[in-house]
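If you want the building blocks of each chain, they are given just below.
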Amino acid sequence: MIGSCALKARVEEHLGVALAPGFFDKAEQYARRKLDLCNERAGRQYGEDGYGDEYLVLLTADTVREMAFSEYTMIRSAEIMAEAAAGGKAVEA
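Fair warning: this is a prediction, and the values are worked out from it, not measured in the lab.

1. Section: the confidence of the model for the chain
Should the pLDDT be low somewhere, the predicted coordinates at that spot are not to be read in detail. The pLDDT averaged across the chain works out to 94; a share of 94% of its residues lies at or above 70. Of all helices and strands in the chain, the one with the weakest mean pLDDT is helix 3 (residues 53-87) (95), whereas helix 1 (residues 4-15) scores best (98).

In structure tokens:
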């Protein structure tokens with residue numbers, strides 16, 4: 001099973017960006033748990049049928065993208081709400 005440091009390096013290489021340790025830690029925990037549940041439900045061992053290290057790299061990279069997009073939408077929403085409050089405009093959906 002791939003270790004955290006090696007996983008982080010491979011995910012960063014895959015994405016082409018450096019990741020903050022805390023952000024990566026959350027993504028790694030989520031991806032490892034998701035892969036464990038997937039393997040358990042399918043009745044296979046880690047690495048069997050391609051659901052091991054290689055898949056974990058892809059799954060973690062997808063998790064990073066999802067978390068980054070979620071964070072962006074939260075920040076952008078706060079900005080829109082602040083602009084609306086400052087301008088006295090009604091917020092449009």
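There's plenty left to go through after this.
2. Let's talk about the pattern of salt bridges
If you walk through the whole model with that rule in mind, you get six salt bridges. Salt-bridge contacts for Glu-79 lead to Arg-76; the nearest nitrogen and oxygen are separated by 3.1 Å. Of this pair, Glu-79 and Arg-76 both sit in helix 3, separated by three residues, roughly a single helical turn. With a relative accessible area of 37%, Glu-79 lands in the partly exposed category. Note on Arg-76: relative accessible area 31%, which makes it partly exposed. Taken together, the shared-partner salt bridges in this structure form one network comprising Arg-76, Glu-79 and Glu-83.

3. Re helix 2 (residues 21-42)
Between its first and last C-alpha atoms helix 2 spans 31 Å; for 22 residues at 1.5 Å apiece the expected length is 32 Å, and the two agree. All of the buried residues along helix 2 are Phe-24, Ala-27, Glu-28, Ala-31, Arg-32, Leu-35 and Asn-39. Down the axis of helix 2, the buried set is contained in an arc of 130 degrees. They therefore lie on one face. In helix 2, those exposed residues whose orientation departs by more than 90 degrees from the buried face are Lys-26, Gln-29, Arg-33, Glu-40 and Arg-41. Elements that come into contact with the buried residues of helix 2 comprise helix 1 and helix 3.

Definitions and limits used
Residues numbered from 1 in each chain as written. Predicted model: local features only at pLDDT ≥ 70, side-chain atom pairs only at ≥ 80, totals over all residues. Heavy atoms only, no water. pLDDT = per-residue confidence, 0-100. Helix = DSSP H or I, 4+ residues; strand = E, 2+ residues; numbered from the N terminus. Salt bridge = Lys/Arg side-chain N within 4 Å of Asp/Glu carboxyl O. Buried < 20%, exposed > 50% of the residue type's maximum accessible area, 1.4 Å probe, protein only. Expected span 1.5 Å × (residues − 1). Arc of directions from axis to C-beta. Contact = heavy atoms within 4.5 Å.

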